[in-house]
Amino acid sequence: MDDPSTMDAFPLLCSVIETPLPALVSPLLALRSTPTAGRSLFALAPIAPSTLIHTSAVPFARTVLESFKREVCWTCFSVVEGRQARWKVRELLDANGAAAGEAVRWFCADACWDTWKVLVGDVGRAAVRAGEDTLSRAAKVGRRDVERGTEQKEDDVAASTNEEIEEAWAKGFLAGQETVRRRTTPRRAGEGAWRQRPQDALLSSDDPDVFRLLISGITERFHASTNPLPSTWTSLTSLVPSLATNARALESNIRMYNSLIAILPLALLPYTTPLTILALLSRDNGNSFGIWSATHDDGSGERGELLAYGIYPSSSYFNHSCRPNLVKSRNGAAFEFRSGAEGVAQGDEVCISYLGGGEVGDREERRNRLMIGWGFWCECVRCREEEGGSE
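In short, a report on the structure. (Residues numbered from 1 in each chain as written. Predicted model: local features only at pLDDT ≥ 70, side-chain atom pairs only at ≥ 80, totals over all residues. Heavy atoms only, no water.)

For the rest of this paragraph, the subject is the overall build of the protein chain. Regarding its fold elements, the protein chain presents 8 helices and 12 strands. Look at the contacts in the protein chain between residues 6 or more apart in sequence, and 71% of them connect residues 24 or more apart. Roughly 18900 Å² of accessible area belongs to the protein chain as shown, and the carbon and sulfur atoms make up 52% of that amount. (Helix = DSSP H or I, 4+ residues; strand = E, 2+ residues; numbered from the N terminus. Contact = heavy atoms within 4.5 Å. Areas by Shrake-Rupley, 256 points an atom, 1.4 Å probe, with all protein chains shown as cover.)

In structure tokens:
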């Protein structure tokens, strides 16, 4: 476990180095290195068509997009019909919150609400309420800044170097430890309570979806520390990291860390560290699965609207191919992976499509979409064949 009381945790970038692999996702598959796509899964034996190869039941961390938070169930990702409709089952803020009585999570049924309460526990529910209270306050601060003309400008900023990332997080870490000290030190008689203003650490330009994802991931890490089963945290950190180096994103991430360390329940503070934040963000980038209004890659390339996303560690070993031999479908919060209509030959790499099925467009269009969305230049069999045919 990361120890937030010592600077020995630095250098921080060690947090984005993957840990040894956990158990493989399927006895039908083996994980091997590839010359162009890092690690990938390969069939150990012939796999018949439509064989269920793997199921990811729940994500390690999840978030519903801000624009859909009232319309999408936070447990099963069902969407209510009608743009103005809302689910009736809701988790409410405490009576003394900044937005007392407002809903913080929506569910399609009491059963999903009950499931969510079991998954996050009492400490997770308290964390969600604290997070939504802070986001509500931050939104009000942001609106005042806009009215005064003092909001942060979205100027272009250069990428940060590793040294700059280390230095910025070291400063953020020290500020966070002062917050921890103030929160955990008993107040002397007659001394007023420490005033927490975590919303001041957030700006209206910060992404509330990422803020909620971090709360979800920190809560799950807390539960993983007390679970006798193989750690889901180990599964997460076994993924190859991809760390964004944009300076604006770096500043935003540190602000969110400083806010989280000020508001989350004390039980979560040992897990609310720069190492945890970086580990989550570096696995979210390039590994998250989008929750779309269409639940199945039917070959049309149409996925509807993006409603939410989550980090599914065991499903992130499937690489992309523009000629996939696996079909991915969603059943509630679970993702299922089945072999395609032609099955899979022994020794073949098993791949899904990152582009939603159909794979319309020429090679350059596909490659550009993958570079923009996932940060890699596709060298799958189809792209290499088409490249050879064009020479």
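Here the narrative resumes.
The full count for this structure, using the stated rule, is 17 salt bridges. Put simply, Asp114 and Lys117 hold a salt bridge, and the shortest N to O gap is 3.5 Å. On the criterion of helical spacing, the pair formed by Asp114 and Lys117 is a turn pair, its members being 3 residues apart in helix 1 (residues 110-148). One salt bridge in this structure joins Glu386 and Arg382, with 2.9 Å as the shortest N-O distance. Here Arg382 and Glu386 lie together in helix 8 (residues 381-389), a separation of 4 residues that amounts to about one turn. With relative accessibility at 28%, the residue Glu386 sits in the partly exposed group. Residue Arg382 is classed as buried on the basis of its relative accessible area, which comes to 17%. Salt bridges linked by common partners bring Glu66, Lys69, Arg105, Glu132 and Arg212 together as one network. (Salt bridge = Lys/Arg side-chain N within 4 Å of Asp/Glu carboxyl O. Buried < 20%, exposed > 50% of the residue type's maximum accessible area, 1.4 Å probe, protein only.)

Another point: the sheet that holds strand 8 (residues 306-311). In space, the 3 strands of this open sheet follow the order 4-8-7, with antiparallel pairing throughout. Bordering the open sheet on either side are strand 4 (61-64) and strand 7 (288-292), each of which pairs with just one other strand. On average, each strand axis in the sheet is inclined to that of its neighbour by 20°, with strand direction left out of account. As defined by bridge partners, strand 4 adjoins strand 8 across 4 bridges and the pair is classed as antiparallel. (Pairing = 2+ DSSP bridges. Axes fitted to C-alpha atoms, helices over the stretch in contact; angles between N-to-C directions.)

What follows concerns the packing of helix 2 (residues 162-184) against helix 5 (residues 247-263). Helix 5 packs onto helix 2 with a crossing angle of 15° between their chain directions and a minimal axis gap of 9 Å. Between helix 2 and helix 5, the angle is such that the two are roughly parallel. In the packing of helix 2 onto helix 5, the handedness of the crossing is right-handed. Residues Glu164, Ile165, Ala168, Trp169, Gly172, Phe173, Ala175, Gly176, Gln177, Thr179, Val180 and Arg183 of helix 2 pack against Leu250, Asn253, Ile254, Tyr257, Asn258, Ile261, Ala262 and Ile263 of helix 5. For the contact of helix 2 with helix 5, a count of residues per class yields 12 nonpolar, 6 polar and 2 charged. (Parallel < 35°, antiparallel > 145°, perpendicular 65-115°, else oblique. Left-handed = near helix turned anticlockwise from the far one by under 90°. Nonpolar A, V, L, I, M, F, W, Y, C, P; charged D, E, K, R; others polar.)

Right, let's get into the packing of aromatic side chains. The relative placement of two aromatic rings is captured by the distance of their centres and the angle of their planes. Counting across every chain of the model gives 11 aromatic pairs. Note on Tyr312 and Phe335: the rings are 5.0 Å apart at their centroids and 85° apart in plane angle, and the pair reads as edge-to-face. Residue Tyr312 is located in the loop between strand 8 and strand 9 (319-320), and its partner Phe335 is located in strand 11 (residues 334-339); the two are separated by 23 residues in the primary sequence. An identical accessibility class is assigned to Tyr312 and Phe335; each is buried. (Phe/Tyr/Trp six-rings, centres within 6.5 Å; stacked < 30°, edge-to-face > 60°.)

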